[in-house]
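Examination of the molecular architecture
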Amino acid sequence: MEKNINVKKMILNAILISIGALLHQITPALGLPMQPDFALAMLFIIILINSDYKTTIISSIIMGIITALTTKFPGGQLPNIIDKLVTAQFVYFMFKLIGSKINDNIKILIALSFGTIVSGLVFLGSASILVGLPGSFTTLVSLVVLPAAFMNILLGTVLYKAIGVALKASGVLITK
């Protein structure tokens, strides 16, 4: 029975990673060589659904590689991988700290807002050290990171609700 649940989780995670990769690929840049990172929304959903550190690390590495391959930021490959690893751990431990005190709908909103901001700060910080930025750090935070956080909150909430409905309708119940 345990193997069956693990296979279901792996398949669900693979589907969510694929959707995140697709959204990352088709999302246009915001007039700058940067784009909102909707792959993060899927990563946060994976972390919330699984509540497992090993899955968090593996998913963040995979998502980091995928976003590195599809980045529109010149030299953004390594910053994407760094950003996903750091952000996924931040969100995982934030969920552990919150525990079951708050329901999952609120947890995902918190992750989508703070997680996206942490992701943007880590990405810009690592990019500034490794390859440089096309503008000032504070300007890019206000023009790209904050709007991306807002967009991730909207899209991520819709995606989280849709995934929940799909899991219930299909009869696939993933227990933590």
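As the structure is a prediction and not an experimental result, all values here were calculated from the model.

Take the side chain of Ser119 next. Mapped onto the secondary structure, Ser119 falls in helix H5 (residues 104-130). For Ser119, a relative accessible area of 4% translates into the label buried. In contact with Ser119, not counting residues within four places along its chain, are Leu40, Asp83 and Thr87.

Here the focus is helix H4 (residues 77-98). For H4, built from 22 residues, the straight-helix expectation of 32 Å at 1.5 Å per residue is met to within 8% by its first-to-last C-alpha distance of 32 Å. Buried residues of H4: Pro79, Asn80, Asp83, Lys84, Thr87, Ala88, Val91, Tyr92, Met94, Phe95 and Ile98, and no others. The inward-facing, buried residues of H4 contact helix H2 (39-50), helix H3 (53-70) and H5. Looking one or two places after H4, you find Gly99, whose phi comes out positive at around 65 degrees.

Tallied over the entire structure, the rule returns 2 salt bridges. The residue Lys84 makes a salt bridge to Asp83 at a minimum N-O spacing of 2.8 Å. The two residues Lys84 and Asp83 agree in class, both being buried. The salt bridge involving Asp104 is made with Lys107; its shortest N-O contact spans 3.8 Å. Within this pair, Asp104 and its partner Lys107 are both found in helix H5, separated by 3 residues, close to a single helical turn. Owing to a relative accessible area of 25%, Asp104 belongs among the partly exposed residues under this scheme.

Our next topic: the nonpolar core. If you look at the biggest cluster of nonpolar residues, it comprises 31 residues, and the most contacted ones within it are Leu16 and Ile45. Of all elements in the fold, only helix H1 (2-26), H2, H4, H5 and helix H6 (137-170) reach the threshold of two or more residues within this core. The contacts of Leu16, once residues within four sequence positions are left out, are Met42, Ile45, Ile46, Ile49, Met63 and Ile163. Listed in part, the 8 residues of the second largest apolar core include Phe73, Ala127, Leu140 and Val144.

Before going further, it helps to spend a moment on a nonpolar patch on the surface. A contiguous nonpolar surface patch, about 450 Å² in accessible area, is contributed by Val7, Met10, Ile11, Ile15 and Ile19. Here Ile19 shows up in helix H1. Given a relative accessible area of 33%, Ile19 falls into the partly exposed group.

For the rest of this paragraph, the subject is the packing of aromatic side chains. In total, this model carries 4 aromatic pairs according to the counting rule given. Look at Phe73 and Phe123: their rings are 5.2 Å apart centre to centre, the planes differ by 80 degrees, and that puts the pair in the edge-to-face class. Note that Phe73 is positioned in the loop between H3 and H4 and Phe123 in helix H5, a separation of 50 residues in sequence. With 5.1 Å between their ring centres and 80 degrees between their planes, Tyr92 and Phe93 make a pair best called edge-to-face.

So, how was this worked out
Residues numbered from 1 in each chain as written. Predicted model: local features only at pLDDT ≥ 70, side-chain atom pairs only at ≥ 80, totals over all residues. Heavy atoms only, no water. Helix = DSSP H or I, 4+ residues; strand = E, 2+ residues; numbered from the N terminus. Buried < 20%, exposed > 50% of the residue type's maximum accessible area, 1.4 Å probe, protein only. Contact = heavy atoms within 4.5 Å. Expected span 1.5 Å × (residues − 1). Salt bridge = Lys/Arg side-chain N within 4 Å of Asp/Glu carboxyl O. Core = buried A, V, L, I, M, F, W, Y, C linked by side-chain atoms within 4.5 Å. Patch = residues over 30% accessible without salt bridge, like charges linked within 9 Å, V, L, I, M, F, W, Y side chains within 5 Å. Areas by Shrake-Rupley, 256 points an atom, 1.4 Å probe, with all protein chains shown as cover. Phe/Tyr/Trp six-rings, centres within 6.5 Å; stacked < 30°, edge-to-face > 60°.

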